[in-house]
Amino acid sequence: MSKIIVVTSGKGGVGKTTTSAAFATGLALRGIPTVVIDFDVGLRNLDLVMGCERRVVYDFINIINGEGNLNQALIKDRRVDSLYILPASQTRNKDALTLKGVAKVLEALKKRFEYIICDSPAGIEHGAIMAMYFADEALIITNPEVSSVRDSDRIVGMLASKTRRAVQDMAPVKEYLLLTRYSAKRVENGDMLSVDDVTDILALPMLGIIPESESVLHASNSGTPITLDNESDAGMAYLDVVARFLGEDPPVRKKKSLFSRLIGR
């Protein structure tokens, strides 16, 4: 049975698109049919992070408007089997996303993919609501800073009230917290919130902690999802996130992950 996962946050620049690309790639590396959709109409970036910007011909809005078919818009990743990208339009506005249109595309994707990852724009505007509306589960991305955590709390409220599951009185969206750009040194210096601070405020299950790393920026600029970098602490942390999401207990690596060290493993 297919699952729709939204990657969301209240604040921009926290690593949603990086996470969407890394998470989708991590699932596909396990042979799981996965598609990742860019919902940031007008400001698309997922195609850049995934390294397929030159292969975009048709986009999400073209399919919603019947201006092309899904096979024309889906881009198969050249590095990982089972991974596809559905890019956003760079020339339309977010009002082109409609519940009826999004539902039609998602229903078609459910026939082909086990996981559908929705890369949401930041904030609480129309595109973000469209990205979360049909979600079964949500990865809420936050940085260890007060403004990011506060905005994430607003997103938690929206997931509880603005989604199909909320409107139709279904089981609630299953929520996970992912803490990105974490620096233990900056926490010690008082420049960042601690893990305990963040979890006390948001009261969500912590799926993983991604360390602050220059390798993430390098991966994004080179169009390579960080989960393909076996030498990166951040890449390994994302692979562990995928494992936990799938219900596994990832083994302690030779160089313990930040998550493992913080929870005392």
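Residues numbered from 1 in each chain as written. Predicted model: local features only at pLDDT ≥ 70, side-chain atom pairs only at ≥ 80, totals over all residues. Heavy atoms only, no water.

Considering the overall build of the chain
And step 1. The helix and strand inventory of the chain stands at 13 helices and eight strands.
And step 2. The globule rule puts the C-alpha radius of gyration for 265 residues at 18 Å, and the 17 Å found for the chain is close to it.
And step 3. Here the C-alpha coordinates of the chain stretch approximately 55 × 40 × 35 Å along the principal axes.
And step 4. Classification of the 265 residues of the chain by burial places 56% in the buried group.
And step 5. Summing over all exposed atoms, the chain offers an accessible surface of approximately 11900 Å²; the carbon and sulfur share of this is 48%.
And step 6. Of the side chains in the chain, 33 bear a positive and 33 a negative charge, and the two mean positions are spaced by 4 Å. (Helix = DSSP H or I, 4+ residues; strand = E, 2+ residues; numbered from the N terminus. Rg over C-alpha atoms; globule rule 2.2 N^0.38 Å. Buried < 20%, exposed > 50% of the residue type's maximum accessible area, 1.4 Å probe, protein only. Areas by Shrake-Rupley, 256 points an atom, 1.4 Å probe, with all protein chains shown as cover. Lys, Arg positive; Asp, Glu negative; His and termini not counted. Charge placed at Lys NZ, Arg CZ, Asp CG, Glu CD.)

Structural notes on the sheet that holds strand S8 (residues 206-211)
And step 1. Spatially, S3-S4-S2-S5-S1-S6-S7-S8 is the arrangement adopted by the eight strands of the open sheet, whose pairing is mixed. Sheet topology places strand S3 (75-76) and S8 at the edges, where each strand pairs with a single neighbour.
And step 2. Two elements, strand S1 (residues 3-8) and strand S5 (residues 115-119), share five bridges in a ladder whose sense is parallel. Looking at S5, one finds that Ile 4 is bridged to Ile 116. (Pairing = 2+ DSSP bridges.)

Some remarks on the layout of surface pockets
Where empty space is left can be seen by rolling a probe of water-molecule size over the atoms.
And step 1. If you add up the space inside the largest pocket, you get close to 400 Å³.
And step 2. Along its surface, the largest pocket is lined by 23 residues, and Gly 13, Gly 15, Lys 16, Thr 17 and Asn 45 are the ones closest to its centre.
And step 3. Sorting the residues of the lining of the largest pocket by element identifies helix H1 (16-28), helix H2 (46-49) and helix H11 (214-222) as the ones contributing at least two each.
And step 4. Per element, the largest residue contribution to the lining of the largest pocket is four residues, and it comes from H11. (1 Å grid on protein atoms, 1.4 Å probe; cavity = no way out; pocket = protein on both sides within 12 Å on 5 of 7 lines; lining within 4 Å. Points joined across faces, edges and corners; volume = space filled by probe spheres on them.)

What to know about the packing of aromatic side chains
And step 1. The final tally for this structure, using the stated rule, is six aromatic pairs.
And step 2. When the centroid spacing of 5.4 Å and the interplanar angle of 65° are considered together, the rings of Tyr 84 and Phe 113 count as edge-to-face. Of this pair, Tyr 84 sits in strand S4 (residues 83-86) while Phe 113 is found in the loop between helix H5 (99-110) and S5, placing the two residues 29 residues apart along the sequence.
And step 3. Consider the rings of Tyr 176 and Phe 245, whose centres lie 5.5 Å apart with planes at 65°: the pair is edge-to-face. In this pair, Tyr 176 sits in strand S7 (residues 174-182) while Phe 245 sits in helix H12 (residues 233-245), placing the two residues 69 residues apart along the sequence. Grouping residues by exposure puts Tyr 176 and Phe 245 together as buried.
And step 4. Clustering of aromatic rings is evident, with ring pairs tying together Phe 23, Tyr 115, Tyr 176 and Phe 245.
And step 5. Over the aromatic face of Tyr 84 sits the side chain of Arg 112, whose NZ or CZ is 5.7 Å from the ring centroid. (Phe/Tyr/Trp six-rings, centres within 6.5 Å; stacked < 30°, edge-to-face > 60°. Lys NZ or Arg CZ within 6 Å of the ring centre and 35° of its normal.)

Brief notes about the packing of H1 against H12
And step 1. In contact at an axis separation of 9 Å, H1 and H12 are set at 65° when each is read in the N-to-C sense. Between H1 and H12 lies a crossing whose hand is right-handed. Residues Thr 18, Thr 19, Ala 22, Phe 23, Gly 26 and Leu 27 of H1 lie in contact with H12, whose contacting residues are Tyr 238, Leu 239, Val 241, Val 242 and Phe 245.
And step 2. Residue composition of the contact of H1 with H12, grouped by class: eight nonpolar, three polar and no charged. (Axes fitted to C-alpha atoms, helices over the stretch in contact; angles between N-to-C directions. Left-handed = near helix turned anticlockwise from the far one by under 90°. Contact = heavy atoms within 4.5 Å. Nonpolar A, V, L, I, M, F, W, Y, C, P; charged D, E, K, R; others polar.)

Focus on the pattern of salt bridges
And step 1. The tally for this structure, following the rule as stated, stands at ten salt bridges.
And step 2. Across the salt bridge formed by Glu 137 and Lys 3, the nearest N and O atoms sit 3.0 Å from each other. Separated by 134 residues along the polypeptide, Glu 137 in strand S6 (residues 137-142) and Lys 3 in strand S1 bring together distant segments of the chain.
And step 3. The class for Glu 137 is buried, based on a relative accessible area of 6%.
And step 4. The salt bridge involving Asp 136 is made with Arg 165; its shortest N-O contact spans 2.9 Å. Taken together, the positions of Asp 136 in the loop between helix H6 (126-133) and S6 and Arg 165 in helix H8 (residues 164-167) put the pair 29 residues apart, joining distant regions of the chain. Accessibility assignment for this pair places Asp 136 and Arg 165 in one class, buried. (Salt bridge = Lys/Arg side-chain N within 4 Å of Asp/Glu carboxyl O.)

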